[in-house]
Amino acid sequence: GKKWARYGLKGVATQDIDAVAQLARNGEKDLKAFKEDMDKYNAQKGQFEKLPKSTMLGLIKLNSEQMRSALMPAPTRCLNELERLLPVLGAEKVRKLTIETNDINSRLTKQMATVEDFCEYLEFLEALQKRQEELQEQYSGVEEHYDLMQEQGVRNSGRKLAIFWACFRIFW
C-alpha cells in the first residue's frame, strides 16, 4: 500500500473520447480543461516510467513489470486520443470562422443597386460592429487552440495550419 502510493499510482486515467468531443463542441470543456487533462496524463506516464521494476518489501522482492504493463497504456491511450481530437476540434473552429468570415466579406463587397440595398448594407454594418467583440473572441479561441496544440507538442498537418493562417489573413 504505502510503498507504491509514493509513486502516485492512484486514479489512473480513463476517458470516453466521444463524450469529451461532445463536451468541447458544446462549450462545456474549455482549453484549460484540455491542458489540465494532458498535463495529468503526462504526469501519470512519467510516474509509471519512474516506477522501479522491482522493490524489496521486507523479505519479499516485488516485480512491478506486470502492473506497469497493465496500467501504463491508460494514460498513454488518453493522451493519444486527445492528441487526435484537438486537431479535429481546431479544424472545426477554423471552418466555422472561415465560413462566417467569407459570408461577412461577401455581404460587405456586394454591389448595391437600390436604396433598399444600401439601407440593408448599413443595417448589416451596424450589426457587424455590435458583434466585433464576439468575432474577436472566436478568433482568439482558434488562436489559443492552436497555441495549446503547439505547447503540448500535438502534431498537426501543414494543411490545417495553412487553413488557420489563411483565415487569420482574411479575418485580420
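Asks: Break down the overall build of the protein for me, citing the residues and quoting the values.
Replies: Secondary structure assignment for the protein yields eight helices and two strands. Reading the helices (α) and strands (β) of the protein from amino to carboxyl end gives α-α-α-β-β-α-α-α-α-α. When the 172 residues of the protein are sorted by exposure, 34% land in the buried category. Residue pairs at least 24 apart in sequence account for 74% of intrachain contacts in the protein once pairs closer than 6 positions are excluded.

Asks: A description of the nonpolar core should follow, citing residues and the corresponding values.
Replies: Ranked by size, the top nonpolar core spans 22 residues in total, and within it Val-20, Phe-34, Met-38, Leu-82, Leu-85 and Leu-86 carry the most contacts. Contributing elements (two or more residues each) for this core: α2 (17–25), α3 (31–50), α5 (73–108) and α7 (132–152). The dominant element in this core, judged by the number of residues it contributes, is α5, at eight residues.

Asks: I'd like a description of the packing of aromatic side chains, backed by residues and values.
Replies: This structure, assessed with the given rule, holds zero aromatic pairs. Sitting over the ring of Phe-34, Lys-29 keeps its end group 5.2 Å from the ring centre.

Asks: I'd like a rundown of the pairing of strand β2 (residues 60–63), residues and numbers included.
Replies: The pairing of strand β1 (residues 54–57) with β2 spans four bridges and is classified as antiparallel. Its bridge partner being in β2, Met-56 is matched across the sheet by Lys-61. Hairpin remark: β1 followed by β2, antiparallel, with two residues in the connecting loop; positive phi at Gly-58, about 65°.

Asks: Please set out the pattern of salt bridges residue by residue, giving values where relevant.
Replies: Throughout the structure, instances matching the rule amount to eight salt bridges. The residue Glu-92 makes a salt bridge to Arg-25 at a minimum N-O spacing of 2.7 Å. Taken as a pair, Glu-92 in helix α5 and Arg-25 in helix α2 lie far apart in primary sequence, 67 residues in all. Residue Arg-25 is classed as partly exposed on the basis of its relative accessible area, which comes to 43%. Across the pair Lys-35 and Glu-151 runs a salt bridge whose closest N-O atoms are separated by 3.2 Å. With Lys-35 in helix α3 and Glu-151 in helix α7, this residue pair connects regions lying 116 residues apart in the sequence.

Asks: So, the environment of Met-112: which residues are in play, and what are the values?
Replies: Summarising the element assignment, Met-112 is placed in the loop between α5 and α6 (115–130). Owing to a relative accessible area of 37%, Met-112 belongs among the partly exposed residues under this scheme. Setting aside anything within four residues of it in sequence, one finds Met-112 in contact with Asp-117, Phe-118 and Tyr-121.

Reading guide: rules and limits
- Residues numbered from 1 in each chain as written.
- Predicted model: local features only at pLDDT ≥ 70, side-chain atom pairs only at ≥ 80, totals over all residues.
- Heavy atoms only, no water.
- Helix = DSSP H or I, 4+ residues; strand = E, 2+ residues; numbered from the N terminus.
- Buried < 20%, exposed > 50% of the residue type's maximum accessible area, 1.4 Å probe, protein only.
- Contact = heavy atoms within 4.5 Å.
- Core = buried A, V, L, I, M, F, W, Y, C linked by side-chain atoms within 4.5 Å.
- Phe/Tyr/Trp six-rings, centres within 6.5 Å; stacked < 30°, edge-to-face > 60°.
- Lys NZ or Arg CZ within 6 Å of the ring centre and 35° of its normal.
- Pairing = 2+ DSSP bridges.
- Salt bridge = Lys/Arg side-chain N within 4 Å of Asp/Glu carboxyl O.

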